[in-house]
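# Results of the structural survey
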Amino acid sequence: MTTTKAIKSALISVFSKDGLEPVVRKLHEQNVTIYSTGGTEEFINNLGIPVVPVEDVTSYPSILGGRVKTLHPKIFGGILNRQDNETDVAQMKEFEIPQLDLVVVDLYPFEKTVASDASEADIIEKIDIGGISLIRAAAKNFKDTVIVASVNEYSLLLDFISTQNGATTLEQRKLLATKAFHVSSHYDTAIFNYFNTDDTYFKTSISEGQILRYGENPHQKGFFFGEFDKMFTKLHGKELSYNNLLDVDAAVNLIAEFKDNDPTFAILKHNNACGLATRNTIKEAYLTALACDPTSAFGGVLIANEKIDSATANEINSLFCEVVIAPSYDEEAVAILSEKKNRIILVQHKVELPNSQVRTCLNGLLVQDRNNITDSKEDLKVVSKTAPTEQETADLLFASKICKNTKSNTIVFAKNSTLVASGTGQTSRVDALKQAIEKAITFGFDLNGAVMASDAFFPFPDCVEMAHNAGITAVIQPGGSIKDELSINFCNENKVAMVFTGTRHFKH
């Protein structure tokens with residue numbers, strides 16, 4: 001038996017009529033018998049195209065307020081029959097079941113209804129029963145039946161039947177079945193997550209994905225699943241890579257800490273800040289951030305918390321950087337930044353990030369709440385005899401925000417709302433401190449009067465002693481070590497201010 005099959009009959013029952021007219025007209029042009037229900041039937045009638053009501057096939061009207069329309073053996077028999085099975089063929093004839101070669105159906109907008117803060121009753125009514133059953137039935141029987149389960153596949157169907165005189169191949173039917181199961185599984189996941197209150201169950205489904213040039217390294221495949229265009233408008237540049245996206249994610253999380261601050265600019269490399277400053281203008285903030293570590297800034301990701309103007313763009317243009325991100329740009333700034341062909345320019349939109357973070361681990365997944373705690377002045381507990389000055393307090397909170405978004409173990413030095421240096425991703429806190437001191441010296445920063453932030457407590461006083469000897473005058477840390485008193489005593493003996501936050505900020 002040939003695997004290419006002509007479409008002679010179709011069942012069309014959709015919630016949204018967008019894009020449907022060309023499909024209906026093409027099917028009519030190819031002399032396809034069309035069956036339909038309710039609003040879709042009315043839509044087709046209004047086009048002046050003949051349509052057979054499903055009720056004429058089932059001898060049952062739509063009942064229970066529309067909850068039951070197509071759930072009938074004569075409908076599902078027409079979809080599920082195996083055309084190469086003698087028993088199925090005989091029963092189709094015996095029970096006068098019409099063959100249905102094509103099913104075009106969509107689903108009630110469950111996710112949109114949930115997002116609209118509708119009542120539970122309205123949400124429940126948007127759990128599709130007939131539609132999901134039709135999708136599964138037609139997709140299961142892809143050997144004989146064509147399923148189109150989304151408006152996104154209308155153009156694909158039209159291409160198939162237009163170029164093949166109303167016929168489809170087995171390969172094409174299987175492709176459409178795959179897409180249909182993608183629709184149904186995504187829909188079921190959304191319903192489950194609406195009902196689920198048990199955190200030990202985990203299901204997720206992302207309907208949009210894109211192929212990246214490669215993964216972390218050229219020999220690895222890479223993909224991104226998500227709605228990137230909701231978060232950003234890309235104005236210029238090459239396609240974002242896997243590593244670009246990781247850096248963009250880190251940049252977005254970091255700058256979110258400074259969303260209500262004066263003009264702030266951050267430069268990141270390998271997910272960590274190598275420059276960050278808050279100033280009176282965005283240009284000043286950029287130039288100060290760049291001075292933090294101009295070596296690491298090469299090839300980095302830049303992000304601002306406010307509009308980038310032409311003056312700032314001129315300064316940025318002399319630096320090789322992969323990505324520039326801002327909430328907006330001057331028209332001239334875009335033109336300047338676009339002079340580099342591959343430089344990626346992104347406009348960041350206000351989008352709420354997921355509350356949970358997910359990563360692969362061993363043969364499963366790790367899921368945790370997002371770290372939504374940002375240390376504030378109210379969180380600070382002064383544990384030393386010397387209290388931090390107003391400027392030191394501001395710098396401590398500034399440093400803490402950076403520390404929270406830096407790979408552990410980390411130490412961050414800050415002074416006058418500027419990242420002076422940091423030690424990142426070290427196996428010991430002492431090593432992180434040594435790295436920070438060395439970087440500060442390398443780039444000519446005076447640590448006298450600077451402050452230090454640590455992502456976790458100090459088990460010994462050695463770090464505080466080393467920092468003091470380098471010029472640090474105030475320290476912020478979560479506290480919680482059984483030997484906290486050793487560090488506190490050193491601070492008291494040397495007039496160093498120390499505050500506890502009570503919140504650890506590990507980042508792995």
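Anyway, here's the lowdown on the structure attached to this text. Predicted model only: the values in this text are computed from it and were never measured.

A word on the pattern of salt bridges. A full pass over the atoms with the stated rule returns 12 salt bridges. Glu-227 is paired through a salt bridge with Lys-230; the nearest N and O atoms lie 3.4 Å apart. On the accessibility criterion, Lys-230 (52% relative accessible area) is exposed. The closest approach of N and O atoms between Lys-234 and Glu-239, which form a salt bridge, is 3.5 Å.

Note: strands within a sheet are paired through backbone hydrogen bonds, in either parallel or antiparallel orientation. Pairing within the open sheet is mixed, and its six strands lie in the order 10-15-14-13-11-12. Both edges of this open sheet fall to strand 10 (232-236) and strand 12 (272-278), since each of them pairs with a single strand only. Shown here is a sheet whose adjacent strand axes are inclined to one another by a mean of 20°, direction ignored. With four bridges joining them, strand 10 and strand 15 (residues 344-348) adopt antiparallel strand pairing. Residue pairing for strand 15: Phe-232 is matched across the bridge by Gln-348. Across the face of the sheet, helix 12 (residues 242-256) comes into contact with strand 10, strand 11 (264-269), strand 12, strand 13 (300-304), strand 14 (321-326) and strand 15 while running at roughly 150° to strand 11.

Taken together, six strands build an open sheet; the order of strands is 18-23-22-21-19-20 and the sheet is mixed. Both outer strands of the open sheet, strand 18 (381-382) and strand 20 (419-423), are each paired with one neighbouring strand and no more. The pairing of strand 22 (residues 474-477) with strand 23 (residues 497-500) spans four bridges and is parallel. Bridge pairing in strand 23 links Val-475 to Met-498. Of the strands in this sheet, strand 19 (411-414), strand 20, strand 21 (451-454), strand 22 and strand 23 touch helix 17 (residues 390-404), which is tilted by about 35° from strand 21.

Phe-232, Val-248, Leu-276, Ile-303, Ile-325, Leu-346 and Ile-402 are the most contacted members of the largest nonpolar core, which has 40 residues in total. Here this core takes seven residues from helix 12, the largest share from any one element. The next biggest cluster of nonpolar side chains, apart from the first, holds 27 residues, and it includes Leu-11, Val-57, Ile-132 and Leu-134.

Okay, the state of the cysteines next. For the coordinates displayed, the defined rule picks out zero disulfides. Among the cysteines around Cys-403, which has no disulfide bond, Cys-463 carries the closest sulfur, lying 12 Å off. The structure places no disulfide on Cys-491, whose sulfur is separated from the nearest cysteine sulfur, that of Cys-463, by 12 Å.

In this section: the packing of helix 8 (residues 130-140) against helix 10 (residues 170-195). Their axes nearest at 9 Å, the elements helix 8 and helix 10 cross at an angle of 150°. Seen along the crossing, helix 8 lies across helix 10 with a hand that is left-handed. Between helix 8, through Ile-132, Ile-135, Arg-136, Ala-139 and Lys-140, and helix 10, the contact on the second element is made entirely by Ala-177, Ala-180, Phe-181, Val-183, Ser-184, Tyr-187 and Asp-188. For the contact of helix 8 with helix 10, a count of residues per class yields eight nonpolar, one polar and three charged.

What follows deals with the packing of helix 19 (residues 462-470) against helix 20 (residues 484-494). Packing of helix 19 against helix 20 brings their axes to within 8 Å, and their N-to-C directions diverge by 25°. When the axis of helix 19 is compared with that of helix 20, the two are roughly parallel. For helix 19 against helix 20, the interelement crossing comes out right-handed. The segment helix 19 lies against helix 20, with Val-464, Glu-465 and His-468 engaging Ser-487, Phe-490, Cys-491 and Asn-494. Its residues assigned to classes, the contact of helix 19 with helix 20 comprises three nonpolar, three polar and one charged.

Turning our eyes to something else, we now look at the pairing of strand 21. Because side chains alternate across strand 21, one face comprises the buried residues Val-451 and Ala-453, and the other comprises Met-452 and Ser-454, equally buried. The sheet contact formed by strand 19 and strand 21 spans four bridges and is antiparallel. Bridged to Ile-411 within strand 21 is Ser-454. Here strand 21 runs beside strand 22; their pairing, made up of three bridges, is parallel.

Cut-offs applied
Residues numbered from 1 in each chain as written. Predicted model: local features only at pLDDT ≥ 70, side-chain atom pairs only at ≥ 80, totals over all residues. Heavy atoms only, no water. Salt bridge = Lys/Arg side-chain N within 4 Å of Asp/Glu carboxyl O. Buried < 20%, exposed > 50% of the residue type's maximum accessible area, 1.4 Å probe, protein only. Pairing = 2+ DSSP bridges. Helix = DSSP H or I, 4+ residues; strand = E, 2+ residues; numbered from the N terminus. Axes fitted to C-alpha atoms, helices over the stretch in contact; angles between N-to-C directions. Contact = heavy atoms within 4.5 Å. Core = buried A, V, L, I, M, F, W, Y, C linked by side-chain atoms within 4.5 Å. Disulfide = S-S within 2.5 Å. Left-handed = near helix turned anticlockwise from the far one by under 90°. Nonpolar A, V, L, I, M, F, W, Y, C, P; charged D, E, K, R; others polar. Parallel < 35°, antiparallel > 145°, perpendicular 65-115°, else oblique.

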